[in-house]
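An overview of the molecular structure
Here is how the chains run, residue by residue.
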Amino acid sequence: MRIKHALLGGVLLFCAGSLWAQKSEKVIFDFKSPQQTIHSFGASDCWRTQYIGCDWPLEKREQIADLLFCSDFDEWGNPKGIGLSLWRFNIGSGSHEAGDSSGISSDWRRTECFLDKEGDWNWDKQKGQRWMLQAARDRGVRYALGFSITAPYFMSKNGMARSSEKTPYANLREECYDDYAAFMAEVCSRLDLDYISPINEPQWEWNVPRQEGMQATNEECSRLIHCLDTELSKRKAKAKIVFGEAADIRYLFRDGTNKPLRDNQLAEMFAQNGKYSIAGLSSVAPIVSGHSYWSTWPIDTLIDTRKQLKHAMDTTLPETYSYWQTEYCPMEKNADNPLGGGGRDLGMNTALYIARIIHHDLTVVNAASWQSWTAFSEWNYKDGLIFVDDGFLSSGASKGDEKMIETCKTDGAFRTSKALWALGNFSFFVRPGMVRLAESSSTSVTNEVERASKVMSSAYFDAQTKQIVVVLINYSSENLPVEVGFHSLPKGYHAEHYKVYETSSRSDLQYKGMVGSKLTVPVRSVVTLVSAE
């Protein structure tokens, strides 16, 4: 339960005491070194929204939507939700209508399709997803992105929503490229989507029944995107194509990997002179997207792979291109995440693990958008922000819990995670259009790997409101003193006093009162500072 007395527990955060006898970590940001403009923070509706957004009691749906999308404060000054600014809408393939023949074993991972195999449209489909999309818009979410995981099953080679063999080639009939593109373009127009991502993780083979998917070579991706560009232009649709969704960011810039024909995408697809270039198409946004899976450990890999991606983009593409991280949940097994994706964790361990990745995606590769994988999960897994169950099995479902899963189609309990609130330390306060500032210097800890286990810091400013936001992540097991400063602070900005919001074992993005430029960041926490006059 969130504490409603704003100043409770604030003494540790603000009173320096003997801690300031130690040498504090001083971080300085430079207004003469602006970095990327922030576009958004988001999450996806896969796949549970089809039930939660449709058949759950309206009161619970509204509460859940508030948690994800609300950007208001309660009477005590606490954020009511995490204020996402982008929502990902999964454009279904019809695996729900196809049933068992779709090749997808679980009802929870099947999707309805607006188009049927006879060519008839039914815009009443995907009711749960459409409800949640509208709930997001009603609460001020600025952007909607549609993403397709696979072609409608009746356009595929094998009549399924996944591949049935291990091949690099798309499970899409040769004569259906135009039809698939027209389908996506029509959905974009009908739902008034801002962006369309036509292909998701084309590097994987998707030949098992766990979920929908479609692999594709770079040549096939390019062909489909050219078709989609034509169809969007025909409709004068506002949606822009966002491509990449690379299963591992290294596939964007490395050649000769274990996924031939599907790697080296920056050079082959994004570059103007690429073999399968999509540069210059009017509907293609100057955006490269990728997923942070499998590149987060050890810490030097987390840092180095992002430096390599940044270098590859800087040397291959015009500076007008930006990078979006469009899908992540923890799956790697390592010392900081011993169970990998397994084991539902509503606590700070997973929250901090994710926060560290958000930080490095924003500060190393200059991500302009950061999007979590799925907003909801019924499983005993780390793939959600809000977790659902029957109110008794709080750990979530495992194999054999099919009865509980069936119950949750129409109602259930929902549980917030610390990962939700830690994402909110960014998404609620770092709004679209804000600009990140480079960190010009820091004291005591200069080694990047060491800092990733202590205090990580990033700062952002709003040129219109003159507001400054600083996000501090304390990964360590001790309270750490920090001093925040700025070089070349422009007139009209204030950096002496801050409102403080904390996510920790004791707090869920809770308002903690006011503090100056010196503070102690609590053990294992994420803290956001918002400038105040």
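Nothing here was measured: the structure is a model prediction, and the numbers come from that model. (Residues numbered from 1 in each chain as written. Predicted model: local features only at pLDDT ≥ 70, side-chain atom pairs only at ≥ 80, totals over all residues. Heavy atoms only, no water.)

Below, the discussion takes up the overall build of the protein. Within the protein one finds 14 helices and 20 strands. Over its C-alpha atoms the protein spans a radius of gyration of 23 Å, differing by no more than 12% from the 24 Å that the globule rule assigns to 533 residues. The principal-axis extents of the C-alpha atoms in the protein amount to approximately 70 × 55 × 40 Å. Of all 533 residues assigned to the protein, the portion counted as buried reaches 62%. (Helix = DSSP H or I, 4+ residues; strand = E, 2+ residues; numbered from the N terminus. Rg over C-alpha atoms; globule rule 2.2 N^0.38 Å. Buried < 20%, exposed > 50% of the residue type's maximum accessible area, 1.4 Å probe, protein only.)

Turning our attention to the packing of helix H3 (residues 58-69) against helix H5 (residues 127-138). Contact geometry of H3 with H5 gives a least axis separation of 10 Å together with a crossing angle of 50 degrees. Put simply, H3 runs oblique to H5. Considering the relative orientation of H3 and H5, their crossing is right-handed. Residues Leu58, Arg61, Glu62, Ala65 and Phe69 of H3 form the contact with H5, whose own contacting residues are Trp131, Met132, Ala135 and Ala136. (Axes fitted to C-alpha atoms, helices over the stretch in contact; angles between N-to-C directions. Parallel < 35°, antiparallel > 145°, perpendicular 65-115°, else oblique. Left-handed = near helix turned anticlockwise from the far one by under 90°. Contact = heavy atoms within 4.5 Å.)

Here we come to the confidence of the model for the protein. Of all residues in the protein, 95% attain a pLDDT of 70 or more, and the chain-wide mean is 95. Taken together, the stretch residues 3-12 has pLDDT below 50 and engages in 22 contacts with residues farther than four places along the chain or on a different chain. Within the model, pLDDT remains below 50 along residues 14-19, and this stretch shows 10 contacts once partners closer than five positions in the same chain are excluded. (pLDDT = per-residue confidence, 0-100.)

A few words on the sheet that holds strand E10 (residues 376-377). One open sheet accounts for 3 strands, arranged E10-E11-E12; its pairing is mixed. Each edge of the open sheet is held by one strand with a lone partner, namely E10 and strand E12 (413-416). As paired strands, strand E11 (residues 386-389) and E12 are joined by 4 bridges and run antiparallel to one another. Each residue of the ladder has a partner; that of Val388, found in E12, is Phe414. Contacts from H3 reach E10, E11 and E12 within the one sheet, and its direction differs from that of E12 by about 15 degrees. (Pairing = 2+ DSSP bridges.)

A few words on the pattern of salt bridges. Summed over all chains, the structure comprises 32 salt bridges. For Glu175, the salt bridge is made with Arg173, and the minimal N-O distance between the two is 2.7 Å. On the basis of relative accessible area, Glu175 is assigned to the exposed category, the value being 52%. Owing to a relative accessible area of 28%, Arg173 belongs among the partly exposed residues under this scheme. (Salt bridge = Lys/Arg side-chain N within 4 Å of Asp/Glu carboxyl O.)

Cross-referencing UniProt, the feature "domain: Endo-beta-1,6-galactanase-like" (unreviewed entry) maps to residues 27-387 in the present numbering. Counting secondary structure, residues 27-387 comes out at 30% helix and 18% strand; the distance between its end C-alpha atoms is 36 Å. (UniProt positions renumbered as here; feature names shortened; annotations may be inferred.)

Another aspect to go through is the nonpolar core. Side chains of nonpolar character tend, in soluble globular proteins, to be buried together. The biggest cluster of nonpolar side chains holds 134 residues, and the ones touching the most others in it are Leu68, Trp87 and Leu266. In this structure, Val27, Ala459, Val484 and Leu529 belong to the second largest nonpolar core, which totals 24 residues. (Core = buried A, V, L, I, M, F, W, Y, C linked by side-chain atoms within 4.5 Å.)

A word on the sheet that holds strand E7 (residues 284-291). Spatial strand order, E2-E3-E4-E5-E6-E7-E8-E9: 8 strands in a closed barrel with parallel pairing. Sheet twist, expressed as the mean angle between neighbouring strand axes with direction ignored, is 25 degrees. Bridging between strand E2 (residues 40-44) and strand E9 (residues 367-374) involves 4 bridges; their strand directions are parallel. Counted as the bridge partner of Phe41 is Trp370 from E9. The strands that helix H6 (residues 177-191) touches are strand E3 (86-91), strand E4 (143-148) and strand E5 (195-197); relative to E3, the one it contacts most, it runs at about 135 degrees. On the sheet, helix H11 (residues 348-363) packs against E2, strand E8 (322-327) and E9 and is oriented at approximately 150 degrees with respect to E9.

Here we take up the domain arrangement of the protein. The assigned domain composition of the protein is domain 1 (25-35 + 453-532) and domain 2 (37-428). Each of domain 1 and domain 2 has a C-alpha centre, and these two points are 30 Å apart. Domain 1 puts 25 residues into the contact, and the matching count from domain 2 is 27 residues. In total, domain 1 and domain 2 occlude about 2,100 Å² of area from one another, counting both sides; carbon and sulfur atoms represent 62% of this. It is Tyr475, Leu509 and Arg524 that lose the most area in domain 1 upon contact with domain 2, and together they represent 30% of the buried surface on that side. At the junction of domain 1 and domain 2, the tally comes to 1 salt bridge. Residues Asp508 and Lys418 are paired through a salt bridge, measuring 2.5 Å at the closest nitrogen-oxygen approach. Elements supplying a minimum of two residues to the side of domain 1 that touches domain 2: strand E14 (455-462), strand E15 (467-474), strand E17 (497-503), strand E18 (510-515) and strand E20 (525-532). (Domains from an automatic or database assignment. Buried area = accessible area lost by both parts, 1.4 Å probe.)

As a further point, take H6. The end-to-end C-alpha distance of H6, which contains 15 residues, comes to 21 Å, matching closely the 21 Å that a straight helix rising 1.5 Å per residue would cover. The elements touched by buried residues of H6 are E3, H5, E4, E5 and helix H7 (218-235). One or two residues past the end of H6 sits Asp192, with phi positive at roughly 55 degrees. (Expected span 1.5 Å × (residues − 1).)

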